[in-house]
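Reading the structure
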Amino acid sequence: MLKSVEKINQIFTMILKLVYINFLWWLFTLLGLGIFGAGPSTYALVSIMRQWIRGNTSIPTFSSYREYYRESFKESMAISWIYALIGYVLVIDLLYVTNWYLKVSLVIIFLLYFLSAVYIFPLMAHYNWKGIFFRMKMSFIFGFSCLQYSLLLFVVIGATYWTAITFFPGILTFFGVSFLFYVITWTANQVFTRMELQNTEVVEDTTIYQIAKERINEKTIKVSQR
């Protein structure tokens, strides 16, 4: 009974946190006059959610959000502008291009662009890599390497927001941004963890191979010395 009550309490606590951080996203985005604040505010949002997902739920939300907002202001703003510009160009082309083959090519490019855009802010929050275009490339590689996670993410997001818009449109006022990026950040964390484990296994296998090779060489040397 106590475990059930505790579980319900955790669920309601998380709901309140999502409402609160959704409000912070809008607040800091407006403080940055929209076009200047959307990128840094999204980076701060994802950074806080990454902490929650990895078990650090006791961090002070407002002060941490403000710190993350300032931490990568220029880079996150520049990245948001780049993705917004690319997305705008692709959408305009899709609307006005009539050639069927070119339209299919643009759809494929748009899907690849969207795949990169989904992972860029979680990647920025997770890795301390330098270089905007390097991060953009790696966000696409991560998303494409674990395509099953990405496709499942798109299905979940599409179904959830279609249901919300159709039956509960008012709920998006409180969860519209925070729920979206919570699902994205959770999925990205799974992808990053899986890729890191795969890389660790490769390193371990390489190390074992090198040790075995050295031992073979040692045995060969000893035999030759006899």
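Attention here is on the structure that accompanies the text.

Parameters and conventions
- Residues numbered from 1 in each chain as written.
- Predicted model: local features only at pLDDT ≥ 70, side-chain atom pairs only at ≥ 80, totals over all residues.
- Heavy atoms only, no water.
- Helix = DSSP H or I, 4+ residues; strand = E, 2+ residues; numbered from the N terminus.
- Buried < 20%, exposed > 50% of the residue type's maximum accessible area, 1.4 Å probe, protein only.
- Contact = heavy atoms within 4.5 Å.
- Areas by Shrake-Rupley, 256 points an atom, 1.4 Å probe, with all protein chains shown as cover.
- 1 Å grid on protein atoms, 1.4 Å probe; cavity = no way out; pocket = protein on both sides within 12 Å on 5 of 7 lines; lining within 4 Å.
- Points joined across faces, edges and corners; volume = space filled by probe spheres on them.
- Core = buried A, V, L, I, M, F, W, Y, C linked by side-chain atoms within 4.5 Å.
- Phe/Tyr/Trp six-rings, centres within 6.5 Å; stacked < 30°, edge-to-face > 60°.
- Lys NZ or Arg CZ within 6 Å of the ring centre and 35° of its normal.
- Nonpolar A, V, L, I, M, F, W, Y, C, P; charged D, E, K, R; others polar.

**Details of the overall build of the chain**
Regarding its fold elements, the chain presents 9 helices and 0 strands. Put simply, the chain runs from its N terminus to its C terminus through helices and strands in the order α-α-α-α-α-α-α-α-α. Taken across its 226 residues, the chain has 35% of its residues classed as buried. Here the contacts in the chain between residues at least 6 apart in sequence split such that 71% fall between residues at least 24 apart. With an accessible surface of roughly 14400 Å², the chain has 70% of that area assigned to carbon and sulfur atoms.

**Topic: empty space enclosed by the protein**
Evaluation of the coordinates by the stated rule reveals 1 cavity of 30 Å³ or more. In this structure, the largest cavity spans a volume of roughly 40 Å³. Lining the largest cavity are Val46, Arg50, Pro122, His126, Thr185, Ala188, Asn189 and Phe192. Elements represented by at least two residues in the lining of the largest cavity include exactly helix H2 (38-53), helix H5 (100-126) and helix H9 (178-225). The biggest single contributor to the lining of the largest cavity is H9, with 4 residues.

**Section: the nonpolar core**
Ranked by size, the top nonpolar core spans 47 residues in total, and within it Leu45, Tyr65 and Phe142 carry the most contacts. At the level of secondary structure, the elements contributing two or more residues to this core comprise helix H1 (2-31), H2, helix H3 (61-71), helix H4 (73-96), H5, helix H6 (132-145), helix H7 (147-167) and H9. A per-element tally of this core places H5 first, with 10 residues. Setting aside anything within four residues of it in sequence, one finds phenylalanine 142 in contact with Leu123, Tyr127, Trp129, Val191, Phe192 and Met195.

**Re the environment of serine 150**
Within the secondary structure layout, serine 150 lies in helix H7. According to the relative accessible area criterion, serine 150 is buried, its value standing at 0%. Each C-alpha atom, one on serine 150 and one on valine 191, is 8.9 Å from the other, the two residues being 41 residues apart in sequence. When residues no more than four places from it in sequence are discounted, the contact partners of serine 150 are Leu115, Tyr119 and Gly143.

**Observations concerning the packing of aromatic side chains**
Counted according to the given criterion, the structure contains 22 aromatic pairs. Aromatic side chains tyrosine 127 and phenylalanine 142 sit 5.7 Å apart centroid to centroid with 15 degrees between the ring planes, which places their arrangement in the stacked category. Here phenylalanine 142 lies in helix H6 and tyrosine 127 lies in the loop between H5 and H6, a separation of 15 residues in the sequence. Counting every residue linked through ring pairs, the aromatic cluster contains Phe28, Phe62, Tyr65, Tyr69 and Phe73. Taking the ring centre of tryptophan 52 as reference, the NZ or CZ of lysine 17 above it sits at 5.3 Å.

**Topic: the layout of surface pockets**
Space inside the largest pocket adds up to approximately 410 Å³. Lining the largest pocket are 16 residues, with Tyr113, Ala117, Val118, Phe121 and Phe181 sitting closest to its centre. Broken down by secondary-structure element, the contributors of at least two residues to the lining of the largest pocket are H2, H4, H5 and H9. Top contributing element to the lining of the largest pocket by residue count: H5, with 6 residues. Split into classes, the residues belonging to the lining of the largest pocket amount to 13 nonpolar, 3 polar and no charged.

**Section: the side chain of threonine 29**
Within the secondary structure layout, threonine 29 lies in helix H1. When residues no more than four places from it in sequence are discounted, the contact partners of threonine 29 are Gly34, Gly37, Ala38 and Ser41.

**A word on unusual backbone geometry**
Even without being a glycine, leucine 33 presents a positive backbone phi close to 60 degrees. By secondary structure assignment, the location of leucine 33 is in the loop between H1 and H2.

Bear in mind that shape data such as this cannot, by itself, settle questions of function.
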